[in-house]
Every structure is written in structure tokens, then in C-alpha cells.
Amino acid sequence: QILVLTFPLIGNYGVPDEGIKDAYGLPEYFESNQMHIAGLVVSSYSWEHSHWAAHKSLARWLKDNNIPGIYGVDTRALTMKIRSIGALLGNLVVNPSASVDSNMFSDPNKRHLAKEVSTKEVKVYGEQNTTS
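Not measured: the values here are computed from a predicted model.

Undergrad: Tell me about the overall build of the chain, and name the residues and values.
TA: Along its length, the chain carries 3 helices and 5 strands. In terms of C-alpha radius of gyration, the chain reaches 18 Å, well past the compact-globule figure of 14 Å for 132 residues. Dimensions of the chain, computed from the C-alpha atoms along their principal axes, are close to 55 × 40 × 35 Å. Across the 132 residues in the chain, those meeting the buried criterion constitute 20%. Taking as baseline every contact in the chain between residues at least 6 positions apart, the subset at least 24 positions apart corresponds to 71%. Within the structure as shown, the chain displays about 10200 Å² of accessible surface, and the carbon and sulfur contribution to it stands at 51%. Computed over 12 positive and 13 negative side-chain charges, the inter-centroid distance for the chain is 8 Å.

Next comes the structure, spelled out in C-alpha cells:
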């Protein structure tokens, strides 16, 4: 799925270090050990980040994870359209080598998205915790 953010300024905090783990080996500053978006759309992007925990810029983090992003979009208008007609099929194509055709689009309604982002087995964190 392509994530559309309506907050007016994105990127000014940067991205914390992905390598920092908590006592259970989980990412300290992230909810997952991988990105689950196919693209990012923002209205205004800050190329300068400034936060005590910032390790890299949002642009670098997206690039490192092969996630395309676009800025300069009226995300409020786009969100109003999505709310009025429902989820839209879309694609962010970076430097296309050929013309864009309908085969490049993936319909998320034909996929089991929860299964794609869920763990495959039960994981227990903490010595005193159990699965029962």
C-alpha cells in the first residue's frame, strides 16, 4: 500500500538508528523490523532533519529500503478523494524505462494484507511470559 501523509511537514525529525534494540531484541524505535509500505506521498518534505535520535534522513531510509516517495502533492485533496470513493489503485514509478500500463498495478483487495505483515509463528518475549 502507498501511504499518504496529510501532516504539512514531513522529514524534519529524521529516522532513528534501526540497529538499537530493547531488552527483548526488538527494535527500540520501530514497530517492525521492516517497512510495510510500497510508497510514500507527502505534501511538503524537509531535506534538513534535526532530532536528538535522528540517525539518517527519511529520504535515505526510504532509498535504503527501495521505497519510492513523492512530495509536492496536495495530500488533503487526495485524502478527500480517497474518503469519498474508497481506496484507489496507484503506483509510484521512478524513472520508467517503458510506458506505464495496467499490468504494473497491484490490487490490494486481491491480497491477504494482514497475512503479509503478520508473523508466521508465535514469538514469546520475556522469560516469565508463556503462550498459554
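Undergrad: Describe the nonpolar core, naming the residues involved and giving the relevant values.
TA: What tends to happen in soluble globular proteins is that the nonpolar side chains get buried as a cluster. Counting 11 residues, the largest nonpolar core is built from Ile 10, Val 15, Phe 30, Met 35, Leu 40, Val 42, Tyr 45, Leu 58, Trp 61, Leu 62 and Ile 67. Top element by residues in this core is helix H1 (residues 58-64). It accounts for 3 residues.

Undergrad: Could you give an account of the sheet that holds strand E1 (residues 2-4), naming the residues involved and the relevant values?
TA: Here we have 3 strands laid out as an open sheet, ordered E1-E3-E5, and parallel in their pairing. Taken across any chain shown, the strands that pair with only one partner, and hence form the sheet edges, are E1 and strand E5 (69-70). Here E1 pairs with strand E3 (residues 39-41) via 3 bridges, running parallel. Its bridge partner being in E3, Val 4 is matched across the sheet by Val 41.

Undergrad: Go over the pattern of salt bridges with me, naming the residues and quoting the values.
TA: Enumeration according to the criterion identifies 4 salt bridges in this entry. Here Lys 56 and Glu 18 are joined by a salt bridge, their closest N and O atoms 3.0 Å apart. Placement of the pair is Lys 56 in strand E4 (residues 54-56) and Glu 18 in the loop between strand E2 (15-16) and E3, with a sequence separation of 38 residues. Taking the relative accessible area as the measure of exposure, Lys 56 reaches 15% and is therefore buried. For the salt bridge of Glu 116 with Arg 111, the shortest nitrogen-to-oxygen distance reads 2.7 Å. In this structure Glu 116 comes out as partly exposed when scored by relative accessible area, which is 41%. A residue is classified by how much of its surface remains accessible, and Arg 111, at 35% relative accessible area, is partly exposed. Among the charged side chains, a salt-bridge network with shared partners connects Glu 18, Lys 56, Arg 60 and Asp 64.

Undergrad: Explain the environment of Ser 43 to me, using residue names and the numbers behind them.
TA: Tracing the chain through its elements places Ser 43 in the loop between E3 and E4. Setting aside residues no more than four positions away along its own chain, Ser 43 makes contact with Leu 5, Tyr 71, Gly 72, Val 73 and Thr 75.

Undergrad: Tell me about the side chain of Ser 57, and name the residues and values.
TA: Relative to the helices and strands, Ser 57 is located in the loop between E4 and H1. Of the residues examined, Ser 57 reaches a relative accessible area of 16% and is grouped as buried. Setting aside residues no more than four positions away along its own chain, Ser 57 makes contact with Val 15, Tyr 45 and His 49.

Undergrad: I'd love a proper account of a nonpolar patch on the surface, names of residues and values included.
TA: A contiguous nonpolar surface patch, about 360 Å² in accessible area, is contributed by Ile 20, Tyr 29 and Trp 52. By secondary structure assignment, the location of Ile 20 is in the loop between E2 and E3. Accessibility expressed as a relative area gives 35% for Ile 20, which makes it partly exposed.

Calculation notes
- The residue numbers shown here count from 1 along each chain, following its written sequence.
- Since the coordinates come from a predicted model, pLDDT governs what is reported: local features require at least 70, and pairs of side-chain atoms require 80 or more to be given and counted, while whole-chain, interface and lining totals use all residues.
- The side-chain numbers reported here are obtained from all heavy atoms of the structure, hydrogens and water having been left aside.
- We count a stretch as a helix when DSSP gives it H or I for four or more residues in a row; a strand needs E for two or more, and each element gets its number in order from the N terminus.
- Values of the radius of gyration come from C-alpha atoms, whereas the globule rule sets the reference at 2.2 Å times the count of residues to the power 0.38.
- To sort residues, take the accessible area from a 1.4 Å probe on protein chains only and compare it with the maximum for the residue type: under 20% means buried, over 50% means exposed, and anything in between is partly exposed.
- Only heavy atoms enter the contact rule, under which two residues are in contact if any of them lie within 4.5 Å.
- Each accessible area is a Shrake-Rupley result for a 1.4 Å probe, and residues are judged covered by the shown protein chains and nothing else.
- Here Asp and Glu are counted as negative and Lys and Arg as positive; His is not counted, and neither are the chain ends.
- In this description, the location of a charge corresponds to atom NZ of lysine, CZ of arginine, CG of aspartate or CD of glutamate.
- What makes a nonpolar core is a set of buried Ala, Val, Leu, Ile, Met, Phe, Trp, Tyr and Cys residues whose side-chain atoms join them at distances within 4.5 Å.
- Note on pairing: two strands pair once DSSP finds at least 2 bridges between them.
- For this analysis, a salt bridge means a side-chain nitrogen from Lys or Arg found within 4 Å of a carboxyl oxygen belonging to Asp or Glu.
- Exposure above 30% relative accessible area and no salt bridge define the residues that can form patches, which grow by joining like charges within 9 Å and nonpolar side chains of Val, Leu, Ile, Met, Phe, Trp and Tyr within 5 Å.

From the geometry alone we can't say anything about function, so treat these as descriptive.
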